[in-house]
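Tertiary structure, described
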Number of protein chains: 4
Amino acid sequence: MASVNKVILIGNLGKDPEVRHLEGGIAVARFPIATSESFKDKSGQKQERTEWHNIVVWRGLAEVAEKYLKKGNSVYIEGRLRTNNYQDKDGIQRYSTEIVADNMTMLGGRNESSGGAGGGNYQESAAPSSAATSSGPAGNTGKSSAFHNDEPDDLPF
Amino acid sequence: MASVNKVILIGNLGKDPEVRHLEGGIAVARFPIATSESFKDKSGQKQERTEWHNIVVWRGLAEVAEKYLKKGNSVYIEGRLRTNNYQDKDGIQRYSTEIVADNMTMLGGRNESSGGAGGGNYQESAAPSSAATSSGPAGNTGKSSAFHNDEPDDLPF
Amino acid sequence: MASVNKVILIGNLGKDPEVRHLEGGIAVARFPIATSESFKDKSGQKQERTEWHNIVVWRGLAEVAEKYLKKGNSVYIEGRLRTNNYQDKDGIQRYSTEIVADNMTMLGGRNESSGGAGGGNYQESAAPSSAATSSGPAGNTGKSSAFHNDEPDDLPF
Amino acid sequence: MASVNKVILIGNLGKDPEVRHLEGGIAVARFPIATSESFKDKSGQKQERTEWHNIVVWRGLAEVAEKYLKKGNSVYIEGRLRTNNYQDKDGIQRYSTEIVADNMTMLGGRNESSGGAGGGNYQESAAPSSAATSSGPAGNTGKSSAFHNDEPDDLPF
DNA sequence: TTTT
DNA sequence: TTTT
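Keep in mind that what you see is a predicted model, and the values were worked out from it rather than measured. (Residues numbered from 1 in each chain as written. Chains lettered and ligands numbered in written order. Predicted model: local features only at pLDDT ≥ 70, side-chain atom pairs only at ≥ 80, totals over all residues. Heavy atoms only, no water.)

1. Regarding the overall build of chain A
What counts here: Helix and strand labels come from DSSP, where a helix needs a run of H or I of at least four residues and a strand needs a run of E of at least two; each type is numbered from the N terminus. In this scheme, a residue with accessible area under 20% of its type's maximum is buried, one over 50% is exposed, and one in between is partly exposed, where area comes from a 1.4 Å probe on protein chains only. In what follows, a contact means two residues having at least one pair of non-hydrogen atoms within 4.5 Å. Methods summary: accessible areas were calculated by the Shrake-Rupley approach with a probe of 1.4 Å, and residue burial reflects only the protein chains presented.
Scanning chain A from N- to C-terminus turns up one helix and seven strands. Along its sequence from the N terminus, chain A presents helices and strands in the succession β-β-β-β-α-β-β-β. Within the span of chain A, comprising 157 residues, buried residues form 55% of the whole. In chain A, the proportion of contacts linking residues at least 24 apart, taken out of those at least 6 apart, comes to 53%. Roughly 6800 Å² of accessible area belongs to chain A as shown, and the carbon and sulfur atoms make up 46% of that amount.

Structure (structure tokens):
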């Protein structure tokens, strides 16, 4: 234990999300995103390297991805690394590393569909099968001492 | 929207947590942690600067803090920044920035009480008032294709 | 020691950056960015809370901020927390927490000036007084084994 | 552009680092680290899943890894994802994802050699071939206004 | 003082 | 192949 496994990415979708609806109504979406970095090679030429990341989102986030994310969109992803191993069709053992996202924010960008959800932040909901409700934080108008603020307002979280 | 507010810290507690139990049984704990960085000043001398961060944890995480965290312990904190403003006792408007943690991992370290919880990872539970249940991820033995793994195992999340 | 102090933010500038050029040609820029989170209050009403963060960038990043960042722009910031204390004009001891950025990426957004730098990633350069050169990573075409890739290509970093 | 590729891990080394010294004196070290997460399966049984991550460090960080890191040690890693493709010995195209670390902090843990470097934070140096110097931040005693602190002290960064 |  |  005492472990942390966290990935933070901003990149563009290489394809529209592929969405599947499992039994029980659970949705899963997968899509690749590209990040790129530029550097100078030893001759001083500017070079660019693109990295592709396989993103997986579940439940409410998958539904959000299905509705709003398109090829070319820019997205902020927070998640964790997961490497699966499997036999390919020729019986060869293979590994595939993906990022299971639990936080996703649309940043617009190219081909921005802008169908109404530009720039929303979505979090994995803890509750199974639920939509991506904002499990988020809450306000406190903070009249009292900041470091000893104990009146639970609407949501003291 | 389209915003992200995330803080990641590893540091040592400057004091034991102060815990309060609000009505409804909600717990809040506060404690300062120190991070330090070393650098060379212009005369080439190694210098160190310590930064203090005010951590706030709610509910189950607060109970974990109360039970297991002591002055001197090393801890990993993931949370978000929050600046409260308030009037001090002299009526002066003041600001106080704190980190509301939603993920906390004990890393041991000095004075390690080691009372049974060395190195646990704890997450803010979405459900109000609940203990810090692992709202965490799940396994999939992954016999099938990694990128099209659709049989929901125990927990397909 | 053994400490980490890291902040990751995506938000919008509340004002144009204020830039100062110190002796030695070192530039410093400061600007506030807003992050906001929405939540439901106990009556089920959607509420929003905005958090303001004071960003400080030095040297090359400050020059980038001066040239390209405007009020309203969306920006990704990676940096560290720093709390300064000072006496205000009335001799009162005050604290101010800011984020010293060492990585900055423009994300566009409203009022996007688009004057040629949409979406650049900039890193704090380690070398004092230098412009924000890309201290970034490098390529390796990776013909050989991935886990034992030892031919230093252009830049083996 | 406008991309971010960041990984943050805390885990334990599964093996001692393998270090290679390339021509030009550049060092590369590789080692696997494990992160684990626990969850409850549908029958309510506590389960654990371990994830393995291949870490690569260059230059000064590699030398630090060589000297101080041992199988079993706990380490904080900050880096970026990189997927290499290569032909294996049978001519099969394979992919391997690794984390190129640019920040590493030893957290102690089991088998803690404690040979003098418990808990150091090390950063990738921008300068090629240099040792892992602290390219880190700097102090400012902050007598003046926090938000308009313009006297460059020792290191105004 | 931003943005949706 | 680690750790609890």
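2. Overview of the relation of the copies chain D and chain A
Operational definition: The superposition of copies rests on a least-squares fit of C-alpha positions from residues with pLDDT of 70 or more in both.
When chain D is fitted to chain A, the residual RMSD is 0.1 Å, and the transformation amounts to a turn of 180° plus an axial shift of 0.0 Å. The superposition operator between the copies reduces to a two-fold rotation axis. For chain D, the smallest separation between a C-alpha atom and the rotation axis is recorded for Val7 of chain D, amounting to 2.2 Å. Comparing interface residues between copies, 100% of those in chain D also sit at the interface in chain A, which points to an isologous, same-surface contact.

3. Considerations on unusual backbone geometry
Phi is positive for Arg59 of chain B, close to 55°, though the residue is something other than glycine. In this structure, Arg59 of chain B sits in helix 1 (residues 59-68).

4. Thoughts on the confidence of the model for chain A
It should be kept in mind that the predicted coordinates are not to be read in detail where pLDDT is low. Test applied: Think of pLDDT as the predictor's per-residue confidence, scored from 0 to 100.
Scored by pLDDT, chain A comes out at a mean of 79, with 71% of its residues at no less than 70. A low-confidence stretch, residues 127-157 of chain A (pLDDT under 50), is modelled with 82 contacts involving residues beyond four sequence positions or located in other chains.

5. Considerations on the pairing of strand 5 (residues 74-87) of chain B
All names here are of chain B. Our working definition: Pairing between two strands requires that DSSP report at least two bridges joining them.
Burial analysis of strand 5 places 11 of its 14 residues in the buried class, which makes it a mostly covered element. In the sheet, strand 1 (residues 4-13) pairs with strand 5 via six bridges, with the strands oriented antiparallel. Residue pairing in the sheet places Gly11 in a bridge with Val75 of strand 5. Linking strand 5 to strand 6 (residues 93-108), which pair antiparallel, is a turn of five residues; within it Gly91 sits at a positive phi near 80°.

6. Quick notes on the interface of chain D and chain A
Short version of the rule: Computed with a 1.4 Å rolling probe, the buried area is the accessible surface lost when two parts are put together, summed over both parts. A pairing counts as a salt bridge when a side-chain nitrogen of Lys or Arg comes within 4 Å of a carboxyl oxygen of Asp or Glu.
Taken together, the 28 residues of chain D in the interface contact 28 residues of chain A. Together, the buried faces of chain D and chain A total about 2500 Å²; carbon and sulfur atoms form 43% of this surface. When the buried area of chain D at its contact with chain A is split by residue, Val4, Arg49 and Leu81 of chain D rank highest and sum to 19% of it. Viewed at the interface, chain A and chain D are joined by two salt bridges.

7. Details of the pairing of strand 1 (residues 4-13) of chain D
Strand 1 of chain D sits mainly inside the fold: nine of its 10 residues count as buried. Strand direction decides the pairing type here: strand 1 (residues 4-13) of chain A and strand 1 of chain D, joined by seven bridges, are antiparallel. Bridged to Ile10 of chain A within strand 1 of chain D is Val4 of chain D. By the bridge criterion, two bridges tie strand 1 of chain D to strand 3 (residues 27-40) of chain D in an arrangement that is antiparallel. Its bridge partner lying in strand 3 of chain D, Asn12 of chain D is registered against Ala34 of chain D.

8. Description of helix 1 (residues 59-68) of chain C
Along helix 1 of chain C, the residues that are buried comprise Arg59, Gly60, Leu61, Ala62, Val64 and Ala65 of chain C. Buried residues in helix 1 of chain C make contact with strand 3 (27-40), strand 4 (46-58), strand 6 (93-108) and strand 7 (121-123) of chain C.

9. Here's the deal with the side chain of Thr35 of chain A
Put simply, the rule is: Whenever two N or O atoms come within 3.5 Å, that pair is a polar contact, provided that in protein one can donate a hydrogen and the other can accept it, and provided that, for residues adjacent in sequence, both atoms are side-chain atoms.
Examined against the element boundaries, Thr35 of chain A turns out to sit in strand 3 (residues 27-40). Polar contacts involving the side chain of Thr35 of chain A include one to the side chain of His53 of chain A, which spans 2.9 Å. Leave out the neighbours within four places in its chain, and Thr35 of chain A touches Ile10, Gly11, Arg49, Thr50, Glu51 and His53 of chain A together with Ser3, Val4 and Asn5 of chain D.

10. Side note on the pattern of salt bridges
This model, assessed by the stated rule, comprises 32 salt bridges over all chains. Salt-bridge contacts for Arg30 of chain C lead to Glu98 of chain C; the nearest nitrogen and oxygen are separated by 3.0 Å. Residue Arg30 of chain C is located in strand 3, and its partner Glu98 of chain C is located in strand 6; the two are separated by 68 residues in the primary sequence. An identical accessibility class is assigned to Arg30 of chain C and Glu98 of chain C; each is buried. The salt bridge involving Lys6 of chain D is made with Glu78 of chain D; its shortest N-O contact spans 2.8 Å. Remark: Glu78 of chain D occurs in strand 5 (residues 74-87) and Lys6 of chain D occurs in strand 1; sequence separation between them is 72 residues. The exposure class assigned to Lys6 of chain D is buried, which follows from its relative accessible area of 9%. Judged by its relative accessible area of 4%, Glu78 of chain D falls in the buried class. When salt bridges that share partners are traced, they join Lys6 and Glu78 of chain A together with Lys6 and Glu78 of chain B into one network.

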